[in-house]
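# Architecture and fold: a report
Here's the letter readout for the chains.
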Amino acid sequence: MSTLTATKILTHRINRIEVSATMAITAEALRLKASGVNLADFGAGEPHFETPRHIKDAAIDAINKGFTRYTAVSGVPEVRKAICARHKADFGTDYAPDECVFTTGGKLALFNAIQVLVDHGDEVILPVPYWVSFKDIIQYAGGVVKYVESAESENFRVTAQMIEAAMTDKTKAIILNSPSNPSGAVMAAADLEAIVRLAHERGVYVLLDETYVYLDFQGTPVSGASFTDCKEHVVVLGSFSKTYAMTGWRAGFALGPKPVIAAMSKLQSQSTSSATSFIQQASIVAMTASQDCVSEMRANYIELRDRLLEGFKTIPGITCTVPQGAFYVYPNVSAFFGRGGIRSASDVAARLLSEAHVVAVPGEAFGTTEHIRLSYAVSADVIDEGVKRMREWFGAL
């Protein structure tokens, strides 16, 4: 089938989006691995830890007890109560089970929230750099992305003043992701509160991507939903993937106003229906058991971050902000543009992969042109080998 023919057959909405850049990089890395290439893989945003044993055991126990049937679309009452209780304990929020929906991964929570809130022509404010899927999911819904550029020199800070300058009478929502994928930047509590209050006053929804909220290296994590008098215009998008090393389990959730959650559940009833039953049971245990595993993983990420940043110091030309959360670094590689045929961050990432066998994601996928993203959710040995390969490759340009 020709490209022209396919374009005519396929809908406008599917042609408005692209394949996830991180998934494309992962696919190419898997292809090289399958052919026997040894890679220093910093590409995928996935914990290197195993899912904690007690969470695995909970899923196995649920299966053995026959808990393998459909559940209510929005999840069993127990998992929604556990989500509300966990969020209240950690952030002082006050959500009820009918203000919660359990989803097949955090990305589905985001997708469904945008589908029920954003109509054709609605504007969604998106700080740059941004996670790759935000832009495409907005565009799939027919929304218009309004980018807000943040400055590397200010550690990619996003303020209420920046958001307000981008607002128009068509603004429907603002997406905030803190800690950030890809930069690892963490929003200050004052900035977060100011944006949430601004949005509430304007009747604009704030979509809080809290995928990495428990991987905040600065102390007590903060949720934009903590400002409970603004609850009417806040939707929390959560995930178990990074917090509990449950990426393949596809467990996520949303918390928000009853009408929004009801609409998301209605949409889910016509798409995925309920999430996997025994994964809901495992998620209950993840939230209600000791959270020591989360603290231990977070401490290890800090050690790995520092190891990689020290490695960058041995590569003249690379500069990098210090991530305050998540498990990514976002180094600036523009000093190498013009050397050895390198013209862009995409060139750097492509040639690192093909020539140095180092996997990184180009910054263009996240809305910037001078950076690459590396995940340090890997072993210390991978970091050391990757730094060695990068030092040799960059040094030879």
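Going by the structure above, here's the rest.
Residues numbered from 1 in each chain as written. Predicted model: local features only at pLDDT ≥ 70, side-chain atom pairs only at ≥ 80, totals over all residues. Heavy atoms only, no water.

What follows is about the sheet that holds strand 6 (residues 205-209). Within the open sheet, the seven strands sit side by side as 2-8-7-6-5-3-4. Their pairing is mixed. The sheet is open, and its two borders are formed by strand 2 (100-103) and strand 4 (144-149), each paired with just one other strand. On average, each strand axis in the sheet is tilted by 20 degrees relative to the strand beside it, whichever way the strands run. When strand 3 (residues 123-128) meets strand 4, the two strands line up parallel, connected through six bridges. The partner of Val128 across the bridge, within strand 4, is Glu149. The sheet contacts of helix 6 (residues 106-117) involve strand 2, strand 5 (171-177), strand 6, strand 7 (234-239) and strand 8 (252-255), and relative to strand 7 the element is tilted by about 155 degrees. Here helix 7 (residues 132-140) sits on the sheet in contact with strand 3, strand 4, strand 5 and strand 6, set at roughly 150 degrees to strand 4. (Pairing = 2+ DSSP bridges. Helix = DSSP H or I, 4+ residues; strand = E, 2+ residues; numbered from the N terminus. Axes fitted to C-alpha atoms, helices over the stretch in contact; angles between N-to-C directions. Contact = heavy atoms within 4.5 Å.)

Once that is clear, we can look at the sheet that holds strand 11 (residues 361-362). The strands making up a sheet associate through hydrogen bonds between their backbones, and the pairing can be parallel or antiparallel. Strand order in the open sheet formed by three strands is 9-12-11, and the pairing between neighbours is antiparallel. Across the chains shown, the open sheet's two edge strands, defined by having one partner strand only, are strand 9 (328-329) and strand 11. The pairing of strand 11 with strand 12 (residues 372-375) spans two bridges and is classified as antiparallel. Residue pairing across strands places Val361 opposite Arg373, the latter belonging to strand 12.

The subject of this paragraph is the pattern of salt bridges. Summed over the entire model, instances satisfying the criterion amount to 21 salt bridges. Salt-bridge contacts for Asp57 lead to Arg53; the nearest nitrogen and oxygen are separated by 3.0 Å. Taken together, the positions of Asp57 and Arg53, both in helix 4 (residues 53-64) and four residues apart, correspond to about one turn of that helix. By relative accessible area, which is 37% here, Asp57 ends up partly exposed. Of the charged contacts, one joins Asp136 and Lys135 as a salt bridge, the two residues approaching to 3.4 Å between their closest N and O atoms. Lys135 shares its class with Asp136; the two are buried. (Salt bridge = Lys/Arg side-chain N within 4 Å of Asp/Glu carboxyl O. Buried < 20%, exposed > 50% of the residue type's maximum accessible area, 1.4 Å probe, protein only.)

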